[in-house]
Amino acid sequence: MKVLFISNDPTIFDDGSATRARMRAYAGALGELHIISPAKKGAIYIQEGNLFLYPVHAWKIFRMYVLARKARGICREYEIELISTQDPFEQGQAALYAMFGIPTKLHVQVHTDFLSPGFLEGGRRIRFLNTHRRKIADHVLPLASGI
């Protein structure tokens, strides 16, 4: 199976990290694993057998668009069968763009209770951002094949 992860963990580019070791194991179990993630300066594309790591270097405001464009290119080039995202927010939106018109399935991980009233607590900026994230999740989750 050919899988694409849209991640938010820059430690996958550190050779000795536990995250990288876990991704190697996933790649062995899945068949072919491609991972796109924001990365620290200096991180480069890495291929280890059937594990492919693509760093994204972009300002936070443009990151979703850069992730989406890179993911779309990978989906087309490698005929990705499944896209998995770490959240139903910006990464989920990037995945939807990437899979538009391509026969692939979407798996969304939800790691936070974004429907809780506490999700909107905090300063004005946090309330604004998380209100917007809820709207994105309301669009992404119904289109997911698995959550």
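Residues numbered from 1 in each chain as written. Predicted model: local features only at pLDDT ≥ 70, side-chain atom pairs only at ≥ 80, totals over all residues. Heavy atoms only, no water.

A. The pairing of strand S6 (residues 105–108), seen in detail. Only one face of S6 is buried, namely the one carrying Leu106 and Val108, since none of Lys105 and His107 on the opposite face is buried. By the bridge criterion, four bridges tie strand S5 (residues 82–85) to S6 in an arrangement that is parallel. Along S6, the bridge assignment pairs serine 84 with histidine 107. For the crossover that starts at S5, traverses helix H3 (residues 90–99) and ends in the parallel S6, the hand is right-handed. (Buried < 20%, exposed > 50% of the residue type's maximum accessible area, 1.4 Å probe, protein only. Helix = DSSP H or I, 4+ residues; strand = E, 2+ residues; numbered from the N terminus. Pairing = 2+ DSSP bridges. Right-handed = clockwise from strand over helix to strand, strands pointing away.)

B. Representation of the layout of surface pockets within the structure. Its volume calculated, the largest pocket comes out at about 660 Å³. Lys60, Ile61, Glu90, Leu129 and Arg133 are the residues nearest the centre of the largest pocket, which is lined by 18 residues in total. For the lining of the largest pocket, the secondary-structure elements that each account for two or more residues are helix H2 (60–78), H3 and helix H4 (124–140). In terms of residue class, the lining of the largest pocket is built from seven nonpolar, five polar and six charged. (1 Å grid on protein atoms, 1.4 Å probe; cavity = no way out; pocket = protein on both sides within 12 Å on 5 of 7 lines; lining within 4 Å. Points joined across faces, edges and corners; volume = space filled by probe spheres on them. Nonpolar A, V, L, I, M, F, W, Y, C, P; charged D, E, K, R; others polar.)

C. Highlighting the nonpolar core. Grouped together as the largest cluster of nonpolar side chains are 31 residues, with contacts concentrated most on Leu4, Ile36, Ile83 and Leu106. Of all the secondary structure elements, the ones that give two or more residues to this core are strand S1 (2–6), strand S4 (51–56), H2, H3, S6 and H4. Here the element with the most residues in this core is H2; it accounts for six residues. Within the second largest apolar cluster, 13 residues are counted, among which are Phe5, Phe13, Met23 and Leu51. (Core = buried A, V, L, I, M, F, W, Y, C linked by side-chain atoms within 4.5 Å.)

D. Highlighting the sheet that holds S4. Across the sheet, six strands lie side by side as S3-S4-S2-S1-S5-S6; this open sheet has mixed pairing. Strands at the two margins of the open sheet, each flanked by one partner only, are strand S3 (46–48) and S6. Adjacent strand axes in the sheet meet at a mean angle of 15°, parallel and antiparallel pairs treated alike. For strand S2 (residues 32–38) and S4, the ladder comprises six bridges, and the chain directions are parallel. When the bridges of S4 are listed, proline 38 appears paired with valine 56. Sitting on the sheet, helix H1 (residues 18–30) is in contact with S1, S2, S3 and S4, with an inclination near 145° to S2. (Axes fitted to C-alpha atoms, helices over the stretch in contact; angles between N-to-C directions. Contact = heavy atoms within 4.5 Å.)

E. Spotlight on the pairing of S1. Burial runs high along S1: four of the five residues are buried. Relative to S2, S1 runs parallel, the two being bridged by five bridges. Note that in S2 the partner of phenylalanine 5 across the bridge is isoleucine 35. Viewed along the sheet, the connection from S1 through H1 into S2 turns out right-handed. Summarising the sheet, S1 and S5 pair through four bridges and their orientation is parallel.

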